[in-house]
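Chain by chain, the residues:
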Amino acid sequence: MGKLLVLIAASAIIASACGSTSVEPTPTPSATPSATTSPAPSATVAPKTLDHDVVYFARDRLPPVAGHVDAAGQGTTTESRILSRLSALYGAVAPSPLFNVAANTKARPKSVKVAGDLATVDFTVPNGDWGTAGSAGTRSFIQQLVYTATEEPGIRRVLILQNGGGAIIGGEGVVIDHPAARDDVLGYSFKASLDPMTFRYDRTAAYGVSAKLSLEDATSALTRVRIAAANATPKDAIGFTARMVQNDETIAPELGKWALVVDLPNATTADAMGLEIVDRTPVRAMRTTAQAGGLRYEIGFDDLRPWRAFLDQQQLALVIDVGGDPLATSPNIALYAPVFGTSVKSGAAISGLVRAFEAQYEYKIADAKGNVIHDFAQASLGTSEFWGSFAMPLPNVAPGSATIEIMLRSPKDGEITETVMTSIQVGP
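All of the points below concern the structure found in this document. (Residues numbered from 1 in each chain as written. Predicted model: local features only at pLDDT ≥ 70, side-chain atom pairs only at ≥ 80, totals over all residues. Heavy atoms only, no water.)

### Overview of the packing of aromatic side chains
(1) Moving on: Here the structure, examined in full by the defined rule, presents 7 aromatic pairs.
(2) Moving on: On the numbers, 5.9 Å between centres and 65 degrees between planes, the contact of Trp130 with Phe141 is edge-to-face. Of this pair, Trp130 sits in the loop between β6 (118-124) and α2 (134-149) while Phe141 sits in helix α2; the two residues are 11 residues apart in sequence, bridging distant segments of the chain. The exposure classification of Trp130 matches that of Phe141, with both residues buried.
(3) Moving on: Taking NZ or CZ as reference, Arg308 lies 5.6 Å from the ring centre of Trp387, over its face. (Phe/Tyr/Trp six-rings, centres within 6.5 Å; stacked < 30°, edge-to-face > 60°. Helix = DSSP H or I, 4+ residues; strand = E, 2+ residues; numbered from the N terminus. Buried < 20%, exposed > 50% of the residue type's maximum accessible area, 1.4 Å probe, protein only. Lys NZ or Arg CZ within 6 Å of the ring centre and 35° of its normal.)

Here it is in C-alpha cells:
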C-alpha cells in the first residue's frame with residue numbers, strides 16, 4: 001500500500017558517532033515491510049531532517065511503534081497534517097508482530113482543531129459504536145490515536161470527541177473527558193522521574209568517552225545508552241549529570257517530545273559531532289556537542305518512559321536504560337530477563353536492576369506444579385540513587401507455566417512496597 005516502514009529492527013544494535021561508525025539509517029522504504037541493507041557507515045554525521053509521515057501501530061502489552069506511511073502528514077496546515085495521519089492510520093497494514101486496531105473499528109476521523117499544544121479530534125461514530133473489542137484492544141486503539149495525533153511537532157495533547165461531544169470508547173465504556181498526552185497512555189503504572197541524576201567525580205585532566213546506543217527489538221521496550229571511558233584505569237570513574245527534559249520541538253523537531261540529556265564534565269570524544277537521525281521507535285535522534293569544559297549527549301525520545309542509570313565499574317561505563325516491560329517495571333525495579341511469554345530452561349538468567357535499601361531484594365518463583373521458591377538476594381549496589389544490577393540462574397523447576405516475582409520491602413516495617421512479575425514457559 002505504498003510506503004510502509006516500521007521503525008524497529010530485530011536486535012537493532014547501533015554505534016553512535018564512534019569515529020568510523022555512525023547510527024544505522026532507516027532502511028530504504030519498500031512496498032512491503034522487509035529487512036533491507038543499510039548504506040555504508042560514514043565517518044562524519046550529516047544533519048538530516050526527520051520525516052513525520054508517521055502513524056503508530058500497537059503491540060501486546062508494550063507502547064506502540066512508529067511506521068512511515070505515504071499519505072501520513074500531508075497538508076499545508078497543522079490541522080490537515082494531523083487529519084491525514086489519522087486517516088492514513090485506518091488504511092495502514094501493520095507487519096507482524098505489530099497490529100492495527102484502528103483498521104477494524106467503525107469510527108472515522110472527521111475534523112481537527114488546534115489550540116496551542118492541544119489537538120481536538122472529532123470522530124464520526126455510527127450509532128455511538130466505535131467497534132473496538134475488549135479492554136486490551138480498546139487500550140491499544142487509544143494509544144494509536146493519541147500517538148498518531150501528537151506526531152505533529154508542537155502538539156503534545158489530544159482530546160477525542162465523538163459526533164461533536166464527549167467520547168465513550170469500547171464495550172467497557174472508556175470515558176474520554178479530558179485531553180491525553182503520550183505519557184498518559186504509554187502503559188506504565190507510574191510517571192518517569194524528571195529529577196536529575198548526578199555522579200560527581202573531579203578529574204583534573206580531560207578524558208575520552210564513546211557512546212553506543214542499543215535499540216529495542218520487536219519483543220522488548222528497552223533502549224540502552226552506554227557511555228564508556230577510553231584508556232581509563234580502575235581508579236577512574238565517570239562524572240556526569242543525566243536528566244530527562246521536555247524538548248521544544250519548535251527549536252529542535254528532530255529530538256521528538258523528550259530528550260535524555262547527559263553532561264560529562266572534562267570529557268572529550270572521537271565520536272562524530274552533531275546530529276544523527278536514528279528514527280527507530282522510541283528514539284528519534286542523537287546529538288553530540290562539545291560544551292564548555294565537557295561534552296553533551298542528547299537522545300530524543302517519542303515519549304517520557306521510565307529511565308534508570310547504573311555504573312559499570314568493571315568496564316568503566318555509564319549505562320542508562322530507558323523503558324522496559326511495563327508490567328515488569330516499577331519505580332525501583334526493572335526485571336529484564338526472562339522476557340514475558342518466552343520459553344526457557346532451568347539455568348536461564350533471571351536479571352535486571354533494582355534500587356533497594358542495602359541492595360536487598362526478594363524473589364519468588366512458582367512453577368506449574370505449584371512449587372514455590374522464595375528467598376532474598378543482594379544486588380550489586382544499594383542505598384543509592386543509582387541502580388544495582390542482579391543476575392541469578394533459574395532454579396530447577398517443573399516444566400510448564402511459571403511466574404517470577406521481584407519484590408522490595410520497606411526498611412521501616414518490612415511491608416512489601418513494590419512488586420513486578422513476568423510469566424514464562426519452562427521447557428524440559
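### Comments concerning the pattern of salt bridges
(1) Moving on: One pass over the structure, following the stated rule, counts 20 salt bridges.
(2) Moving on: Arg182 is the salt-bridge partner of Glu151, the closest N and O atoms lying 3.0 Å from each other. With Glu151 in the loop between α2 and β7 (157-162) and Arg182 in helix α3 (residues 182-185), the pair connects residues that are 31 residues apart, well separated along the chain.
(3) Moving on: On the basis of relative accessible area, Arg182 is assigned to the buried category, the value being 4%.
(4) Moving on: The salt bridge partner of Glu249 is Lys257, with a shortest N-O separation of 2.8 Å.
(5) Moving on: Overall, the relative accessible area of 6% leaves Glu249 in the buried class.
(6) Moving on: Judged by its relative accessible area of 5%, Lys257 falls in the buried class.
(7) Moving on: Connected through salt bridges with shared partners, the residues Arg59, Glu216, Asp303 and Arg305 form a single ionic network. (Salt bridge = Lys/Arg side-chain N within 4 Å of Asp/Glu carboxyl O.)

### With respect to the sheet that holds strand β29 (residues 400-409)
(1) Moving on: Taken together, the 5 strands give an open sheet; going across it, the order is β24-β30-β29-β26-β27, and neighbouring strands pair in mixed fashion. Both outer strands of the open sheet, β24 (343-344) and β27 (372-378), are each paired with one neighbouring strand and no more.
(2) Moving on: Strand direction decides the pairing type here: strand β26 (residues 360-366) and β29, joined by 5 bridges, are antiparallel. When the bridges of β29 are listed, Glu362 appears paired with Met407. (Pairing = 2+ DSSP bridges.)

### Considering the pairing of strand β21 (residues 317-323)
(1) Moving on: The buried fraction of β21 is high, at 7 of 7 residues.
(2) Moving on: Pairing analysis gives 7 bridges linking strand β13 (residues 222-230) to β21, with the strands arranged antiparallel. Across the sheet, Thr223 pairs through a bridge with Val322, a residue of β21.
(3) Moving on: Counted along the chain from strand β20 (residues 307-312) to the antiparallel partner β21, the turn is 4 residues long, and its residue Leu316 has a positive phi close to 50 degrees.

Fair warning: the whole summary comes from geometry, so function is off the table for now.
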